[in-house]
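# Summary of structural features
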Amino acid sequence: MNLEIIPTANNINLIEVTADLAKSERIDRFLANQLTNLSRSRIQSLIEEGYVTVNNSLCNNKKDLIKAGDRIQLITPASTPLDLVAQEIPLDILYEDEHLIVINKPAGLVVHPAAGHSDGTLVNALLAHCKELSGINGTQRPGIVHRLDKDTSGAMVVAKSDLAHQDLQTQIQAKTARREYLGIVRGVPKSDSGVIDAAIARHHSDRKKMAVMENGRRAVTHWQIKERLGNYTLVKFDLGTGRTHQIRVHSAHMGWAIAGDPVYGSPNKEVSQYLSGQALHAWKLTFTHPVSGELIENIAPLPEGFEKLLVFLRRRK
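Note that residues are indexed from 1 along each chain, following the sequence as it is written. Given that this is a predicted model, residues contribute local features only at a pLDDT of at least 70 and side-chain atom pairs are listed and counted only at 80 or more, while totals for whole chains, interfaces and linings are drawn from all residues. Excluded from the side-chain calculation are hydrogens and water; included are all heavy atoms of the structure.

### Some details on the nonpolar core
For the record, the criterion: Note on terminology: a nonpolar core comprises buried Ala, Val, Leu, Ile, Met, Phe, Trp, Tyr and Cys residues joined through side-chain atoms within 4.5 Å. Three labels apply to residues, based on accessible area from a 1.4 Å probe with only protein chains included: buried if under 20% of the type maximum, exposed if over 50%, partly exposed otherwise in between. Only DSSP runs of H or I covering at least 4 residues are called helices, and only runs of E covering at least 2 are called strands; the numbering of each starts at the N terminus.
Counting residues in each nonpolar core, the largest one holds 27 residues, and the members touching the most others are Leu122, Leu126, Ile144, Tyr181, Trp223, Phe237 and Ile247. Going through the elements one at a time, strand S9 (100-105), helix H3 (122-129), strand S10 (153-159), strand S11 (178-186), strand S15 (220-229), strand S16 (232-239) and strand S17 (280-288) are the ones with two or more residues in this core.

Structure, rendered in structure tokens:
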């Protein structure tokens, strides 16, 4: 197979497949074979984050097949080394031992440092609180097993050891660790419960957003109504998969976006006055302790603004 790699700016690779392939090949495997400085998992992440296009169209799926004549562009965003500092930021601790810690993250707190958020994150707070954190997720995300969006509150587990990290990550991937959310949606679902099974991928034109797309990764959300509140509804969500923005995207797709969601919903001042983020809360986190084998269940109390919004909607109803 012949190909031509066209040098451009330092963080851009343009690849043209110039001869017939013996057979079609997955794009992630193809790029990993050609760009030996990038691992296949890194390439898959870049695809998921919207940094790969094929013939000027965004590639949303690592399993997409490439063919002769395709023109592939892969952007590697510049990484700026961050000097992580321990910061005394108050933590709401739900559970802690020598192996792990469970935090009730407030809305507005970024989980780990990134461009635009070099400090003041949960990781900075953890570095001040914990003597050691697992290094599996890299130097910028020590101990982080799973994420919550900046403006989503609730229970998060963080690993202090590599053993705990690997075990917890396996539980989350296998869905033996259960993550249940409570959300207030703007809308009235017709039935009392259901399952949303709709693939999600990076939005075709807005890299910061996700969208329901046929060529995306399968995403499954189980939901159940807890309380009807006029033209709003309190819903419990149970994740069957863990895609970026999954609950927010699925809710908006069904016609009842999460209240206060600035990305997938519409502004509403009478609701937003109570919220510091969207009305989505990681309410319950259940997992098996990676060392003791004990079933650990953590319930994160609802944020004050979420509670006040419920009171307001009940009175208005």
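After that view, the rundown keeps rolling.
### Structural notes on the pattern of salt bridges
Our working rule: Between Lys or Arg on one side and Asp or Glu on the other, a salt bridge is scored when a side-chain nitrogen of the former is within 4 Å of a carboxyl oxygen of the latter.
With the rule as written, the count across this model stands at 17 salt bridges. Between arginine 248 and aspartate 261 there is a salt bridge whose closest N-O contact spans 2.8 Å. Of this pair, arginine 248 sits in helix H5 (residues 246-254) while aspartate 261 sits in the loop between H5 and helix H6 (269-272), and the two are 13 residues apart along the sequence. A cluster of three or more residues bridged by salt bridges with shared partners is formed by Arg178, Glu180, Lys236 and Asp238.

### Some thoughts on the environment of glutamate 96
Convention followed: Whether two residues are in contact is decided by their heavy atoms, any of which lying within 4.5 Å being enough. The term polar contact refers here to a pair of N or O atoms within 3.5 Å; inside protein, the definition further demands a hydrogen-donor-capable atom paired with an acceptor-capable atom, and it admits residues adjacent in sequence only when both atoms are side-chain atoms.
Relative to the assigned elements, glutamate 96 resides in strand S8 (residues 93-96). Along the chain, glutamate 96 and glutamate 270 lie 174 residues apart, while their C-alpha atoms are 38 Å from each other. Setting aside residues no more than four positions away along its own chain, glutamate 96 makes contact with Ile101, His129 and Lys160. Of the polar contacts made by the side chain of glutamate 96, one reaches the side chain of histidine 129; its length is 3.0 Å. For glutamate 96, the side chain forms a polar contact with the side chain of lysine 160, separated by 2.8 Å.

### A look at the packing of helix H1 (residues 27-34) against helix H2 (residues 40-48)
Helix-helix packing is characterised by the crossing angle of the two axes and by the distance between the axes. Here is the rule we go by: Lines are fitted to the C-alpha atoms to define the axes, a helix being fitted only along its stretch in contact, and any angle between axes, read from their N-to-C directions, falls within 0 to 180 degrees. Angles below 35 degrees are treated as roughly parallel, those above 145 as roughly antiparallel, those between 65 and 115 as roughly perpendicular, and all remaining angles as oblique. A crossing counts as left-handed when the near helix is turned anticlockwise from the far one by less than a right angle, and as right-handed when that turn is clockwise. The nonpolar class holds Ala, Val, Leu, Ile, Met, Phe, Trp, Tyr, Cys and Pro. Asp, Glu, Lys and Arg form the charged class, and all remaining residues, Gly among them, are polar.
Across the interface, H1 lies against H2 with an axial gap of 9 Å and an inter-helix angle of 125°. Compared by their axis directions, H1 and H2 come out oblique. Helix-helix and strand crossings are classified by hand; for H1 and H2 the assignment is right-handed. When H1 is examined against H2, the residues Ile27, Asp28, Arg29, Leu31 and Ala32 are found in contact with a partner set consisting of Arg40, Ile43, Gln44 and Ile47. Of the residues that constitute the contact of H1 with H2, the class distribution is 5 nonpolar, 1 polar and 3 charged.

### A look at the environment of arginine 228
Here arginine 228 lies in strand S15. On the basis of relative accessibility, which here comes to 28%, the residue arginine 228 falls in the partly exposed class. For the pair arginine 228 and arginine 314, spaced 86 residues apart in the sequence, the C-alpha separation amounts to 9.0 Å. Ignoring sequence-local partners within four residues, the contact set of arginine 228 consists of Val188, Pro189, Lys190, Ser191, Asp192, Thr233 and Lys317. Here the side chain of arginine 228 touches proline 189 through a polar contact of 2.9 Å, landing on its backbone oxygen. For arginine 228, the side chain forms a polar contact with the side chain of aspartate 192, separated by 2.9 Å.

### Re the pairing of S11
The following threshold applies: Two strands qualify as a pair provided DSSP detects at least 2 bridges between them.
Within S11, 7 of the 9 residues are buried, which leaves it mostly tucked inside the rest of the structure. With 6 bridges connecting them, S11 and S17 associate as antiparallel partners. Bridge pairing in S17 places glutamate 180 opposite lysine 284. Relative to S16, S11 runs antiparallel, the two sharing 7 bridges. Considered in S16, the bridge of arginine 186 is made with tyrosine 232.

### Description of the confidence of the model for the chain
Put simply, the rule reads: A residue's pLDDT is the predictor's confidence in that residue, given on a scale from 0 to 100.
When pLDDT is averaged along the chain, the result is 88; 93% of the residues meet or exceed 70. Taken together, the stretch residues 1-10 has pLDDT below 50 and engages in 25 contacts with residues farther than four places along the chain or on a different chain.

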